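Spelled out, the chains give:
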Amino acid sequence: MKLTTVFTLTSAFLVSAVAFAAEYSFESLDSNNDGVISPTEAQVSSELASQFRKLDSNKDNELTPVEFAHFKQ
């Protein structure tokens, strides 16, 4: 029974991540068109905002298209 619950929750998480990726593109989040996503722009999604520091691999407080692509995986 517990394995079924874990599977269901994992599936729901994956579906929500795919739905987010389909809903938002890098270009749609980069509202000022400067080629990066700032922490303020990332606030559109609580999920993206919570992962921002982890995704910002070079720690420059911005997400490049390459860094953002890791969020979509």
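You'll find the structure just up there.
Let me begin by describing the structure that accompanies this report. If you're wondering where the values come from, they're calculated on a predicted model, not measured in any experiment.

What counts as what
Residues numbered from 1 in each chain as written. Predicted model: local features only at pLDDT ≥ 70, side-chain atom pairs only at ≥ 80, totals over all residues. Heavy atoms only, no water. Helix = DSSP H or I, 4+ residues; strand = E, 2+ residues; numbered from the N terminus. Buried < 20%, exposed > 50% of the residue type's maximum accessible area, 1.4 Å probe, protein only. Contact = heavy atoms within 4.5 Å. Areas by Shrake-Rupley, 256 points an atom, 1.4 Å probe, with all protein chains shown as cover.

### A look at the overall build of the protein chain
Reasoning step 1: Looking only at helices and strands, the protein chain has five helices and zero strands in total.
Reasoning step 2: Helices and strands appear in the protein chain in the N-to-C order α-α-α-α-α.
Reasoning step 3: Counting all 73 residues of the protein chain, 26% fall into the buried class.
Reasoning step 4: Long-range pairs, those at least 24 residues apart, make up 36% of the contacts in the protein chain with a sequence separation of at least 6.
Reasoning step 5: When the accessible surface of the protein chain is totalled, it reaches about 5,200 Å², and 62% of it is carbon and sulfur.

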